[in-house]
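Residue-level listing of the chains:
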2 protein chains.
Amino acid sequence: MTVTLADVAARARVSPATVSRVLNGNYPVAASTRERVLKAVAELDYVLNGPASALAAATSDLVGILVNDIADPFFGIMAGAIQSEMGGPGGRAGGERLAVVCNTGGAPERELTYLTLLQRQRAAAVVLTGGALEDAAHQAAMTAKLGRLADAGTRIVLCGRPAVPETGAIALTFDNAGGGRELTAHLLGLGHRRLGYIAGPRERTTTGQRLEGHRAALAAYGVEDDPRRTVHGRYDRRSGYEATLELLRRDPALTAVVAANDSVALGACAALRERGLRIPEDVSVAGFDDLPFSIDAVPALTTVRLPLAEAGARAGRIAMGREEPPPGGIATVRGELMVRASTAPPRP
Amino acid sequence: MTVTLADVAARARVSPATVSRVLNGNYPVAASTRERVLKAVAELDYVLNGPASALAAATSDLVGILVNDIADPFFGIMAGAIQSEMGGPGGRAGGERLAVVCNTGGAPERELTYLTLLQRQRAAAVVLTGGALEDAAHQAAMTAKLGRLADAGTRIVLCGRPAVPETGAIALTFDNAGGGRELTAHLLGLGHRRLGYIAGPRERTTTGQRLEGHRAALAAYGVEDDPRRTVHGRYDRRSGYEATLELLRRDPALTAVVAANDSVALGACAALRERGLRIPEDVSVAGFDDLPFSIDAVPALTTVRLPLAEAGARAGRIAMGREEPPPGGIATVRGELMVRASTAPPRP
DNA sequence: CTGTTAGCGCATTCAA
DNA sequence: TTGAATGCGCTAACAG
């Protein structure tokens, strides 16, 4: 039925072993023989059987990329960058690796399920992106699972995600706290004292880190951190919309809103506008991440740019074994404050 | 070294075959036996070897999802919806399928490479999303490749992509032409006669279809289709920005801009604003797709909503064999005109 | 309901 | 540089 390596061998009048060697290219083969084999491959339209190959070699060409939300460009940009590094040398069977993106939807059990599925496929590497879950039980399960994957020879890289000790995983972590601090310091420097903060979901590490930076800045300026000025939500615009209404209810004289990310900031803008408040004349708004649409917001959004594409590309190269991991296995990626039109001094 | 099925069998004191049956669940096994096996699996921390399993069964749990640009929510939303349907019954080995997203970046050779990789993995199904390439040679190559995949038992589903005859592929196509027609008709109905059109890349089918709808509307209203009023670009905001400047250069008295999609429309808005033109008082702007950020544009964007999530979910179910394909293997998914604040009658 | 027996298609020894 | 032989870990008949 389907063409096998043996068929190719017969046609090229060599042994199956020789065909295998030609295809994998990691063994000396006479040029004339190679040509004959390649010709037979083309004529027969032969495609290597991945499972059989992986079984015999005890490794595969699969590389998994785990993302929390594939519909969010934050993850899409990173995933695209990671995937773009997957070609080139490093893989078996022609150097092409199958980089696959797995959407966990932020659900802990799906995260573990995908890791099991990738372990089952004997993935060559796994890249986990974005914030992790704070839950201790889940973190323990993840640590165990990652440890087993690593033991089985799968390379583990974390991109924009906190390091997981004792697993040998390489971590490129984002300096969320530093970015958050700078952002809030920028607003405080403009003279704002009544800042609302829209945090992400409590259970994500990213949320805590950004909030921590915000609080550090408040402390540095000697501004009291009123817990009523912080609202938790999800990382989407709807959440920003609702949270902003709630913040305004608690303090109608708010002069600035700091959002967990850019989508949330957009929702905040919508809510403020609906309440007849101008941005930034009445209320300043700041986001985080600097996704492509942020510059098109009206007014353009002040935010913290994270080098998502660069970090993703680096993670991809490390996963492919084409770049040395950072010393100690951990590198911190800093964000950059982008001051644009959505923030200004408060009204006197 | 690694735990195998035989180890589990030994520990549970049953035959390997029985373990396999328990794990795959598609065969009657006594409850007590099943329990014993499951216990052994847990104790040994056993994970099925995917390649071996796929080799023996001649099919795998892999489902491929091809997207043109993973950083674009247009694709992210569809991919997420497709993937969300992958759990549940239908798969082997516990019903979980590994749905993997492959980012082609719109490059023809990467599209074919990924299909080969998926063919190599003996993927159970492949879903191709978004516009195809107009290039005849590439289409022929794709048809051949898809035909071979189908022959090998891989189910092929096209989502938001034109049907490919003679491959047995199921197609859920978007009515881009109809949406484009409605959109332009809406502007013409408001009284606009000097419309600029920012088309996508020439080589994508989506581009041609939307443009066709635009022209049909012009014809229906007896408005001349001046080719100088159409500019081609990419599907991103930058392209919309540049194209708009070009359109204004060609006709400074333009009263409306129709964009290939929402991102392009955002870029158009930025350019218009920079030129001191108000939206919609001076110039109306319309987009396409209705991505989540479109409603947050200022003013909110008039656009054509495509039911991306619904179509993706349906494609996913069909790929899983959990929903009947549409009669004839082809279904057309219509868009819905969303009239918002970015369009208004032209100034007298 | 369960055990036995063969391969699935390939990579990799070991010889030649 | 090439061929022959072996086994990777599992599933699917076929018996019992």
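Worth saying up front: this structure is predicted, and the values here are computed from it rather than measured.

**Q** Give me the lowdown on the pattern of salt bridges, citing residues and values where you can.
**A** Any two side chains of opposite charge can pair, so long as their charged atoms come close to each other. Under the defined criterion, the tally for this structure stands at 48 salt bridges over all chains. Between Arg194 of chain A and Asp251 of chain A there is a salt bridge, with its nearest N and O atoms 3.1 Å apart. Taken as a pair, Arg194 of chain A in the loop between α8 (176-190) and β6 (195-199) and Asp251 of chain A in the loop between α10 (237-250) and β8 (256-259) lie far apart in primary sequence, 57 residues in all. Arg194 of chain A gets classed as partly exposed once you look at its relative accessible area, which sits at 37%. For Asp251 of chain A, a relative accessible area of 8% corresponds to the buried category. With a closest N to O distance of 2.6 Å, Asp290 of chain B and Arg340 of chain B form a salt bridge. In this pair, Asp290 of chain B sits in the loop between β9 (284-286) and β10 (303-305) while Arg340 of chain B sits in the segment after β12 (336-338), placing the two residues 50 residues apart along the sequence. For Asp290 of chain B, a relative accessible area of 12% gives the class buried. Classification of Arg340 of chain B by relative accessible area gives buried; the value is 17%. Members of the salt-bridge network, linked through shared partners, are Glu85, Arg314, Arg317, Arg322 and Glu323 of chain A.

**Q** Can you tell me about the protein's contact with DNA strand C, naming the residues and giving the values?
**A** Taken together, 24 residues lie around DNA strand C, and Leu5, Ser20 and Tyr46 of chain A together with Arg21 and Thr33 of chain B are the ones closest in. Between Asn49 of chain A and DNA strand C, the recorded distance is 3.4 Å, taken from a backbone N or O atom to a phosphate oxygen. Separating a phosphate oxygen of DNA strand C from a side-chain N or O atom of Thr18 of chain B is a distance of 2.8 Å. Listing elements by their share of the surface near DNA strand C, those giving two or more residues are α2 (16-24) and α4 (50-57) of chain A together with α2 (16-24) and α4 (50-57) of chain B. Split into classes, the residues belonging to the surface near DNA strand C amount to 14 nonpolar, 8 polar and 2 charged.

**Q** Before we move on, can you summarise the pairing of strand β2 (residues 98-103) of chain B with the specific residues and values?
**A** Residue and element names in this part refer to chain B. With 6 of 6 residues buried, β2 lies mostly within the body of the structure. A two-sided burial pattern is seen for β2, the buried positions comprising Leu98, Val100 and Cys102 on one face and Ala99, Val101 and Asn103 on the other. Sheet analysis places strand β1 (residues 62-67) next to β2, joined by 6 bridges and oriented parallel. What sits directly across from Gly64, in β2, is Val100.

**Q** I'd like to hear about the protein's contact with DNA strand D, residue by residue, with values.
**A** Close contacts around DNA strand D come from 26 residues, with Thr18 and Thr33 of chain A together with Leu5, Ser20 and Tyr46 of chain B the closest. Of all DNA strand D atoms lying within 4 Å of any protein atom, the proportion belonging to sugar or phosphate reaches 68%. Taking Thr18 of chain A, its side chain carries an N or O atom lying 2.6 Å from a phosphate oxygen of DNA strand D. Within the residue set of the surface near DNA strand D, elements represented by two or more residues are α2 and α4 of chain A together with α2 and α4 of chain B. When residues of the surface near DNA strand D are assigned to their parent elements, the largest contribution, 5 residues, is made by α4 of chain B. In terms of residue class, the surface near DNA strand D is built from 15 nonpolar, 9 polar and 2 charged.

**Q** Lay out the confidence of the model for chain A with the relevant residues and their values.
**A** Summary statistics for chain A give a mean pLDDT of 92 and a share of 97% for residues scoring 70 or more. Note on residues 89-95 of chain A: pLDDT is under 50 here. Beyond four places in sequence and across chains, it has 21 contacts.

**Q** Which residues make up the relation of the copies chain B and chain A, and what values do they have?
**A** When chain B is fitted to chain A, the best match, at an RMSD of 0.2 Å, comes from turning it 180° and sliding it 0.1 Å along the axis. In short, the pair behaves as if placed about a two-fold rotation axis. For chain B, the residue whose C-alpha comes nearest the rotation axis is Pro51 of chain B, separated from it by 2.0 Å. When the interface residues of chain B are mapped onto chain A, 100% of them again lie at the interface, so the same face is used by both copies.

Thresholds applied
- Residues numbered from 1 in each chain as written.
- Chains lettered and ligands numbered in written order.
- Predicted model: local features only at pLDDT ≥ 70, side-chain atom pairs only at ≥ 80, totals over all residues.
- Heavy atoms only, no water.
- Salt bridge = Lys/Arg side-chain N within 4 Å of Asp/Glu carboxyl O.
- Helix = DSSP H or I, 4+ residues; strand = E, 2+ residues; numbered from the N terminus.
- Buried < 20%, exposed > 50% of the residue type's maximum accessible area, 1.4 Å probe, protein only.
- Near = heavy atom within 4 Å.
- Polar contact = N/O pair within 3.5 Å; in protein donor to acceptor, adjacent residues only side chain to side chain.
- Nonpolar A, V, L, I, M, F, W, Y, C, P; charged D, E, K, R; others polar.
- Pairing = 2+ DSSP bridges.
- pLDDT = per-residue confidence, 0-100.
- Contact = heavy atoms within 4.5 Å.
- Least-squares fit on C-alpha atoms with pLDDT ≥ 70 in both.

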